[in-house]
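# Coordinate inspection notes
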Amino acid sequence: MPTRKLEKIYAPHQVEARWGQFWIDQGYFRAKVDPSAQTYTIVIPPPNVTGSLHIGHALNNTLQDILIRWRRMQGQNTLWIPGTDHAGIATQNVVERQLVDEGTSREQLGREAFIDRVWAWKQQSGNTIIEQLKRLGASCDWTRLRFTMDEGLSTAVQEVFVRLYEEGLIYRGERLINWCPRCLTALSDIEVEHEQFNGKLYHVRYPLVDDPHTSLIVATTRPETMLGDTAVAVHPEDPRHNHLIGKRVQLPLTTRSIQIVGDSILVDREFGTGAVKITPAHDFNDFEAGERHHLLRIPILDHRAHLDPFALKFKSQVENSLLANLSGVSAPKARTIVVEELKARNFLVKTEDHKMALGKCYRCKTVVEPYLSPQWFVKIQPLADPAIEAVETGRIRIIPEGWANNYLGWMRGIKDWCISRQIWWGHRIPAWYCRSCQPDVFPTVKPDRIGLISHQANPIVARTSPGKCPKCSSGDIIQDPDVLDTWFSSALWPFSTLGWPEQTQDFKTFYPTSTLVTGGDILFFWVARMIMMGLKFTGEVPFRDVYIHAMVRDAEGQKMSKSKGNVIDPLTKMSQYGTDALRFTLASMASPGRDIKLAEERIEGYRNFTNKIWNAARFILMHADGRTEDTAIKDRPLGDRWILSRLNRVIRLVNKSLEEYRFDQAANQLYHFTWHAYCDWYLELIKPVLQSEDGDKSHGTRHIMLLSFETLLRLLHPFMPFVTEEIWQSLPHQGESLVIQPFPTPCEKWHAKDAEDAFNTLEQFVTTARTGRSLLEYPPSKNLTLYGSTTEPMERETLRKLHDHLEHLSRGTITLTDQDEWPVNHILRLVVGKTTVGLQVEGEVDLKKALGRLQKQIQAKQKEASRLESRLSSSDFTAKASPDVIQESETRLRSLSQELSLLSSSEYQLQGMV
RNA sequence: AGGCGGAUAGCUCAGUUGGGAGAGCGCUGCCCUUACAAGGCAGAGGUCGCAGGUUCAAACCCUGUUCCGCCUACCA
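Residue numbers run consecutively from 1 along every chain, following the written order of its sequence. In the order they appear in the text, chains get letters beginning with A and ligands get numbers beginning with 1. For a predicted model such as this one, the threshold for reporting local features is a pLDDT of at least 70, and the threshold for listing and counting side-chain atom pairs is 80 or more; totals across whole chains, interfaces and linings nevertheless cover every residue. Calculated side-chain values reflect all of the structure's heavy atoms, with hydrogen atoms and water omitted.

### Things to note about the overall build of chain A
Within chain A, the secondary structure is distributed over 30 helices and 29 strands. Atoms considered for the radius of gyration are the C-alpha atoms alone. The globule rule reads 2.2 Å times the number of residues to the power 0.38. On C-alpha atoms alone, chain A measures out to a radius of gyration of 38 Å, which is more than a quarter above the 29 Å that the 2.2 N^0.38 rule sets for 914 residues. Across its three principal directions, the C-alpha atoms of chain A cover 115 × 65 × 55 Å. Accessible area is worked out with a 1.4 Å probe on protein chains only. A residue is then buried under 20% of its type maximum, exposed over 50%, and partly exposed in between. Residues classed as buried in chain A amount to 55% of the 914 residues present. At a minimum sequence separation of 6, the contacts of chain A that also span at least 24 residues come to 78%. Secondary structure counts use DSSP, requiring at least four H or I residues in a row for a helix and at least two E residues in a row for a strand, with both numbered from the N terminus. Note on contacts: a residue pair qualifies if any of its non-hydrogen atoms lie within 4.5 Å across the two residues.

### Thoughts on the packing of aromatic side chains
Centres within 6.5 Å are what make two rings of Phe, Tyr or Trp a pair, Trp counting through its six-membered ring; a difference in plane orientation under 30 degrees is then read as stacked, over 60 as edge-to-face, and the rest as tilted. This model, assessed by the stated rule, comprises 38 aromatic pairs. Clustering of aromatic rings is evident, with ring pairs tying together Phe-584, Tyr-606, Phe-609, Tyr-671, Trp-675 and Phe-719. A ring has a charge above it when a Lys NZ or an Arg CZ is no more than 6 Å from the ring centre and no more than 35 degrees off the ring normal. Between the NZ or CZ atom of Arg-69 and the centre of the ring of Trp-23, over which it lies, the distance is 4.6 Å. The ring of Tyr-778 has Lys-782 lying over it, and the distance from NZ or CZ to the ring centre is 5.0 Å.

### What to know about the nonpolar core
By nonpolar core we mean a set of buried residues, namely Ala, Val, Leu, Ile, Met, Phe, Trp, Tyr and Cys, connected to one another through side-chain atoms within 4.5 Å. Tyr-407, Phe-488, Met-533, Phe-709, Phe-719 and Leu-762 are the most contacted members of the largest nonpolar core, which has 214 residues in total. The element best represented in this core is helix 22 (residues 663–691), accounting for 15 residues. Beyond its immediate stretch of four places on either side in the chain, Leu-762 contacts Leu-638, Trp-681, Leu-685, Leu-802, His-805, Leu-806 and Leu-809. The next biggest cluster of nonpolar side chains, apart from the first, holds 35 residues, and it includes Leu-216, Met-226, Leu-227 and Leu-301.

### Quick notes on the pattern of salt bridges
Each salt bridge in this description consists of a side-chain nitrogen of Lys or Arg and a carboxyl oxygen of Asp or Glu lying within 4 Å of one another. If you walk through the whole model with that rule in mind, you get 52 salt bridges. Between Glu-319 and Arg-345 there is a salt bridge, and its shortest N-O distance comes to 2.6 Å. Here Arg-345 lies in the loop between helix 11 (331–344) and strand 13 (348–361) and Glu-319 lies in the loop between helix 9 (309–316) and helix 10 (320–326), a separation of 26 residues in the sequence. On the basis of relative accessibility, which here comes to 22%, the residue Glu-319 falls in the partly exposed class. Classification of Arg-345 by relative accessible area gives partly exposed; the value is 29%. Measuring nitrogen to oxygen at the nearest pair gives 3.4 Å for the salt bridge that ties Glu-899 to Lys-861. Of this pair, Glu-899 sits in helix 30 (residues 883–913) while Lys-861 sits in helix 28 (residues 848–873); the two residues are 38 residues apart in sequence, bridging distant segments of the chain. Overall, the relative accessible area of 23% leaves Lys-861 in the partly exposed class. A network of salt bridges, in which partner residues are shared, links Arg-222, Glu-224, Arg-335 and Glu-369.

### Considerations on the protein's contact with RNA strand B
It suffices for a single heavy atom of a residue to lie within 4 Å of a molecule or strand for the residue to be listed as near it. Close to RNA strand B lie 60 residues, the nearest being Asp-268, Phe-271, Asn-285, Arg-594 and Arg-607. Considering the 4 Å shell around the protein, atoms of RNA strand B inside it are sugar or phosphate in 62% of instances. Between N or O atoms, a polar contact is any pair within 3.5 Å; within protein, one atom must be a potential hydrogen donor and the other a potential acceptor, and residues adjacent in sequence are included only when both atoms are from side chains. At a separation of 3.3 Å, a base nitrogen of RNA strand B approaches a polar side-chain atom of Lys-687. One of the side-chain N or O atoms of Arg-892 is found 3.4 Å from a phosphate oxygen in RNA strand B. Elements supplying a minimum of two residues to the surface near RNA strand B: strand 13, helix 20 (600–622), helix 22, helix 25 (753–775), helix 28, helix 29 (875–880) and helix 30. It is helix 20 that provides the largest number of residues to the surface near RNA strand B, a total of 11 residues.

### Points about the packing of helix 19 (residues 579–588) against helix 20
Between N-to-C directions, angles span 0 to 180 degrees; the directions come from axes that are lines fitted to C-alpha atoms, helices contributing only their stretch in contact. Axis separation between helix 19 and helix 20 bottoms out at 8 Å; the angle between their running directions is 120°. When the axes of helix 19 and helix 20 are compared, the pair comes out oblique. The chirality of how helix 19 crosses helix 20 is right-handed. Touching Ala-581, Leu-582, Phe-584, Thr-585 and Ser-588 of helix 19 are Arg-602, Ile-603, Tyr-606, Arg-607, Phe-609 and Thr-610, all from helix 20. In the contact of helix 19 with helix 20, the residues fall into 6 nonpolar, 3 polar and 2 charged. Under this scheme an angle from 65 to 115 degrees is roughly perpendicular, one under 35 degrees roughly parallel, and one over 145 degrees roughly antiparallel; angles in between are oblique. Here is the rule for handedness: rotate from the far helix to the near one, and if that takes an anticlockwise turn smaller than a right angle the crossing is left-handed, while a clockwise turn gives right-handed. Under the grouping applied here, Gly and all other residues not named as nonpolar or charged are polar, the nonpolar ones being Ala, Val, Leu, Ile, Met, Phe, Trp, Tyr, Cys and Pro and the charged ones Asp, Glu, Lys and Arg.

### A closer look at the environment of Leu-109
Examined against the element boundaries, Leu-109 turns out to sit in helix 4 (residues 106–109). Considered as a pair, Leu-109 and Phe-609 are 500 residues apart in the sequence and their alpha carbons are 55 Å apart. With sequence-adjacent residues up to four places away left out, Leu-109 is seen in contact with Leu-99, Thr-104, Phe-114 and Arg-117.

### Considering the sheet that holds strand 13
Pairing is antiparallel across the open sheet formed by 3 strands, whose spatial order is 8-7-13. Bordering the open sheet on either side are strand 8 (215–220) and strand 13, each of which pairs with just one other strand. Taken pair by pair, the neighbouring strands of this sheet meet at an average axis angle of 20°, ignoring direction. Following DSSP output, two strands are said to pair if at least two bridges run between them. Note: strand 7 (residues 192–207) against strand 8, 6 bridges, orientation antiparallel. Bridging across to strand 8, Tyr-202 finds its partner in Thr-220.

### Some details on the sheet that holds strand 23 (residues 543–549)
With respect to topology, 3 strands assemble into an open sheet ordered 15-23-22, the strand pairing being parallel. Looking at which strands have only one partner, the edges of the open sheet turn out to be strand 15 (397–399) and strand 22 (513–519). On average, adjacent strands in this sheet sit at an angle of 20° to one another, irrespective of strand direction. Two elements, strand 22 and strand 23, share 6 bridges in a ladder whose sense is parallel. By the bridge assignment for strand 23, Thr-518 is matched with Ile-548.

### Notes on helix 25
Here the expected length of a helix is defined as 1.5 Å per residue gap, with one fewer gap than residues. Over its 23 residues, helix 25 extends 33 Å from the first C-alpha to the last, a length consistent with the 33 Å expected when each residue adds 1.5 Å. Downstream of helix 25 by one or two residues, Glu-777 has phi in the positive range, about 55°.

### Structural notes on unusual backbone geometry
Here the bond from Ile-399 into Pro-400 is cis, since omega is -5°, no more than 30 degrees from zero. Even without being glycine, Arg-811 reaches a positive phi, approximately 55°.

### Considerations on helix 18 (residues 570–577)
The complete set of buried residues in helix 18 reads Pro-570, Leu-571, Lys-573, Met-574 and Tyr-577. Down the axis of helix 18, the smallest arc covering the buried residues is 160°, so these residues share one side. Looking at the buried positions of helix 18, the neighbouring elements they touch are helix 1 (12–26), helix 2 (55–73), helix 6 (128–136), helix 19 and helix 20. Remark: Gly-578 follows helix 18 within two positions and exhibits a positive phi of approximately 100°. Directions drawn from the helix axis to the C-beta atoms are what define this arc.

### So, the environment of Arg-829
As for its placement among the helices and strands, Arg-829 is situated in strand 28 (residues 827–832). Overall, the relative accessible area of 10% leaves Arg-829 in the buried class. Apart from the residues lying within four places of it in its own chain, the contact partners of Arg-829 are Gln-819, Trp-822, Pro-823, Val-824, Thr-836, Val-837, Gly-838, Leu-854, Ser-906 and Gln-909. Among the polar contacts made by the side chain of Arg-829, one reaches the side chain of Gln-819 at a distance of 2.4 Å.

### Side note on the side chain of Lys-122
Along the polypeptide, Lys-122 turns up in helix 5 (residues 111–125). A positive count includes Lys and Arg, and a negative count includes Asp and Glu. His and the chain ends are not counted in either. No salt bridge forms around the buried Lys-122; measuring N to O, its nearest opposite-charge neighbour Asp-150 is 5.6 Å away. Contacts of Lys-122, omitting those with residues within four sequence positions, involve Val-49, Thr-50 and Phe-147.

### A word on the side chain of His-86
As for its position among the elements, His-86 is in the loop between strand 3 (83–84) and helix 3 (88–101). Residue contacts for His-86: discarding those within four places in its chain leaves Val-49, Thr-91, Phe-147, Thr-148, Met-149, Trp-425, Gly-426, His-427, Thr-486 and Ser-489.

### Things to note about the pairing of strand 18 (residues 431–434)
Residue alternation in strand 18 divides its side chains into two sets, Ala-431 and Tyr-433 and Trp-432 and Cys-434, and both sets are buried. Note: strand 18 against strand 20 (residues 477–479), 3 bridges, orientation antiparallel. Bridge assignment links Trp-432 to a residue of strand 20, and that residue is Gln-479.

### As for the confidence of the model for chain A
In this model, chain A carries an average pLDDT of 90, and 97% of its residues clear a pLDDT of 70 or more. For every residue, the predictor assigns a confidence score, pLDDT, that lies between 0 and 100. Mean pLDDT values over the elements of chain A span from 76, in strand 24 (residues 552–553), up to 97, in helix 15 (residues 493–496). For this predicted complex, the interface confidence comes out at an ipTM of 0.94, alongside a pTM of 0.93.

### Examining the packing of helix 12 (residues 381–392) against helix 13 (residues 402–412)
Closest axis-to-axis distance for the helix 12/helix 13 pair is 10 Å, and the angle between their directions is 160°. In terms of their interaxial angle, helix 12 and helix 13 are classed as roughly antiparallel. Seen from above, helix 12 lies across helix 13 with left-handed handedness. Each of Ala-384, Ala-387, Ile-388, Val-391 and Glu-392 in helix 12 lies in contact with helix 13, whose residues at this interface are Ala-404, Tyr-407, Leu-408, Met-411 and Arg-412. Residue composition of the contact of helix 12 with helix 13, grouped by class: 8 nonpolar, no polar and 2 charged.

See below:
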């Protein structure tokens, strides 16, 4: 393949589009159904189908892509399944807003037309995020793209629902659940976000029926719910109140009286007044207390959290004079009215400030209400137990480990999962009801407020519509209007995407999957549920490793949100700096157990890194033409042997880091090696040979140059797929694409400690010479007259051998002899270890700077020497420390004193010159 | 309230079984040296949150404490 000339600055745009398309066209990302090959499988955490890529997705998918590309290059049969979920509530909200803008509503459209409308919206916007993932370079098998509402995945959902129901693990019942009065649906416990806020605690007087002059004072944060009170509780061992147990109080603002019960669970004697009102229909604790004492439940709020006139009048028995004022008002407004009325009638004893937590809908941030309604639940404990065990025994590894405790803690206290949602977009619950069998449950009028079907109705659960009632053969059956929680279908993702419940070839080949990569925020929502469902329905763990990555925050550590205006849009950054730069930034900052504070400068820094690689490639390309010769490594010059030895170490480290999910370590190693070893030193070392007139010497060097650089490109490819492919294709190469080249493995015959030692000697000498140049303020172009000497025989030999390299890299003419053969005057002597570098001082030069530096150096060395001396003279140390530590200290002290004597003679000599 | 994590250079963070404090960015000085000014070379900068303890030796282990962040939670 002919080589091409590269532009001076890397321009990512066309490059990315070109190779992105090429890879897909060539089918490199498609997994083979080959049962013999070792498989490596990842399922993507499905993003919302109508969403678009945010920085969290960028991180999540970059990390997955690094793993997948790495394993693919290792020759494993890799499969990365892409897909999206239908995001029930969120998507329905979006489409409903569109309808409002058009002056209509979902109710006006009707259920079927509305669902068609959402499908149309999905059709229109559904490819956005998929295309964005492709831009990111995600090497998913796009031929296996899945959506949670695909036919196959829907079949899996029905299968799971029916089987759980048949086993008694799904049930229907009237319970208090979290209800969003704006989304008008039930939420699961974890879909509620708790937020601290400053509320008030109201002390309200409830007079005794027997003795109206005596009252029980209750404390409450929600006075408006008192209209639904059905009892007051005191602690049975509280001498202040326990004599009242069994008596009744008159409920203010109503014509009802309620009983006083003793309850040691609900009542905390230390809190408030020691008396608690019980409102079983509007509070989770009260609900349970109600069960214990067989109390009536009086729901006073409707589905929009407004006071229900019917309930107020007939159940709550609110005083007639108040009915008009209270009927239909919202809960917050009701609170104001109730408080005013209590105050006016002298029932309000006092009000105090009180910090409390408030639950909000995680989708729309509306305050959620506990709401008594018939819902479907998963009985979770039998599913949770094996899922706990899988993590405890290590069948599933959670990385970093800290998250395992989090998982276990939550799983051990897990509660039944409310899975029904009163929305239309989603998997409809496969349950039907016969109206003929239960005419009393299904009155001819439409079912209640929002179509909830009474909890007394008997469901007929089946995989497909039964058509007619299996009991009475009536055709008058209706399907449950509810749909399932989106996470219910997501929980099946690792196997439903592979074709389950069919025993497909894909399922047999790729399940269980290898690694799941996700953020800690959905550990409970998703990971835990996948583990439970996977174990239940496949008998296998759904994945071996769970890697939990960080949350991306802004440079100040704030959570990114549109309302704060601090979002970093990955697509904008990809356009500005290139996709590879963004990917590398995210990978390099992915330290375990720590959030990522992303500052724009970092991306810019890695854009520069991309360009550095690009320019190294340009240099190599300039010298690529010509003969190459593969001679034995041991006969190669220092530069060649040194870079191979270093490369070997980096290969080992990168592989090891990726094994341990240390993306940050791998990226930083690559960065440092590429820039500060390969470019700064290796390329400089080989320049003279490549540029010399004598072409013969360059053959072997050219060979190693091309070999090492090609290896480096393969190492970098999982992190920066685009620029590496572009360069690889431009250089002499074999094969179609870098994507399918083997990932480098350590090559022990490249290891050369002697070359690394020799390099260190060279580097020290050169750096010292350059420091001297800087101290004397000589420009980089000036050719220096240099002297070098060392007290170490090995180093002397090394310096002698590398004489030409030293001259080239130091830009000077170097004489290597003992110091007493150096000129006596006009020499600046700098010391590094056992070596002294002398610079000839020419012209008017201020030597104070050099002297200052020397003295500072002496001070630092003396400080350390005295620390070592005192350590070594301590009998405790010599008696108790391990022998190698003692020996090491002695060695270090010896070299320090040698260095110090060189330094002071140099100082003495320099004093004479100033 | 409980649990978890963090506090190391101006900023962002590494620091793997305790034994010479590191990187990137930024900053300072000198340079457009034919791969790269998105660059090169050199350099400055840190009582490792605070207080105790264990140890010959602590950024690292233990206890307490302050501040910050996150998660979980039924204190009305």
